[in-house]
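Here is what each chain is made of, one letter per residue.
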Amino acid sequence: MADRPSGRGETYGGQSREERAADRRERLVAAAVELFAARDYDDVTVADVCTLARVSKRYFYDHFADREALVLALHREVNGWLLEHVAAAAPRDPDGLEAALRPMLAALVRLLAQHPDRARIVYINAPRMELRRRGVLREEAELFGRLLAPLAPRLRADPMRYQRTILALIAGVSEVLIDWVWHGMRDPAEPLVDHLTGLCASLLE
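Residues numbered from 1 in each chain as written. Predicted model: local features only at pLDDT ≥ 70, side-chain atom pairs only at ≥ 80, totals over all residues. Heavy atoms only, no water.

(A) A look at the layout of surface pockets. There is about 180 Å³ of room inside the largest pocket. Lining the largest pocket, in full, are V176, D179, W180, H183, M185, R186, D187, P188, P191, L192 and H195. Broken down by secondary-structure element, the contributors of at least two residues to the lining of the largest pocket are α9 (159–182) and α10 (189–204). Each residue belonging to the lining of the largest pocket can be placed in one class, and the counts come to six nonpolar, two polar and three charged. (1 Å grid on protein atoms, 1.4 Å probe; cavity = no way out; pocket = protein on both sides within 12 Å on 5 of 7 lines; lining within 4 Å. Points joined across faces, edges and corners; volume = space filled by probe spheres on them. Helix = DSSP H or I, 4+ residues; strand = E, 2+ residues; numbered from the N terminus. Nonpolar A, V, L, I, M, F, W, Y, C, P; charged D, E, K, R; others polar.)

Written out as structure tokens, the structure reads:
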């Protein structure tokens, strides 16, 4: 029996109301990724996103309060995806700091190179929103701090110093990556991984 709209509009074209809403949100997010990857934050409007996603403004505001809320949601999702892969790349029993750092940083740089659209969202557009940028630095510092803690017993003896050292490390890595993405990621990734690994290991040692 073919699907047809119910009196309450719950099912239409084989999709429930929730499925249709999820599909619209997915299209809005995909359109936003494409647009923010190609343009600066100020050059993308809600209307642009809706047009590309083929979703009316009415439905846009069901999911996002405004353009900034959309970018914050994008940034949160993309950064979560990055951190998940970085954590997965961390070796279980590394032989020293460099052995621990290299695969994590290699995973980070490789993913950015493979997904320049997502790289631009994380490192170019979203950093304009300083509060979110501070939150992201803290999230990344907590991840790296947790994964590297067994290899830095001397620093870990002073928890506050360790936290601040990791935060400074992540802030420096972020600035280098912002510069790399800003210049179109023209420089090869492997030397970048070497440089970041050396920088981080030197700071922690």
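(B) Structural detail: the side chain of T165. For T165, the location among the structural elements is in helix α9. In terms of polar contacts, T165 uses its side chain to reach the backbone carbonyl oxygen of R161, at 2.7 Å. Apart from the residues lying within four places of it in its own chain, the contact partners of T165 are L155, L203 and L204. (Polar contact = N/O pair within 3.5 Å; in protein donor to acceptor, adjacent residues only side chain to side chain. Contact = heavy atoms within 4.5 Å.)

(C) Representation of the environment of D48 within the structure. On the secondary structure map, D48 appears in helix α2 (residues 46–53). D48 sits in the partly exposed class, given a relative accessible area of 25%. A C-alpha to C-alpha distance of 36 Å links D48 and A88, two positions 40 residues apart in sequence. Filtering out sequence-adjacent residues up to four positions away, D48 remains in contact with L35, R39 and D43. For D48, the side chain forms a polar contact with the side chain of R39, separated by 3.1 Å. (Buried < 20%, exposed > 50% of the residue type's maximum accessible area, 1.4 Å probe, protein only.)

(D) Quick look at empty space enclosed by the protein. One pass over the structure, following the stated rule, counts two cavities of 30 Å³ or more. The computed volume of the second largest cavity comes to approximately 70 Å³. Contributing to the lining of the second largest cavity are N79, L82, L83, V86, L108, Y123, E140, F144, I170, V173 and S174. Taken together, the elements giving at least two residues each to the lining of the second largest cavity come down to α4 (67–89), α7 (130–148) and α9. The element best represented in the lining of the second largest cavity is α4, accounting for four residues.

(E) Representation of the packing of α4 against helix α5 (residues 97–114) in the model. Contact pair α4 / α5: the axes reach a minimum separation of 8 Å and the direction vectors enclose 145 degrees. With respect to the hand of their crossing, α4 and α5 are arranged in right-handed fashion. Along the contact surface, α4 presents W81, L82, H85, V86 and A89, while α5 presents P103, M104, A107, L108, L111 and L112. Tallied by class, residues from the contact of α4 with α5 come to 10 nonpolar, one polar and no charged. (Axes fitted to C-alpha atoms, helices over the stretch in contact; angles between N-to-C directions. Left-handed = near helix turned anticlockwise from the far one by under 90°.)

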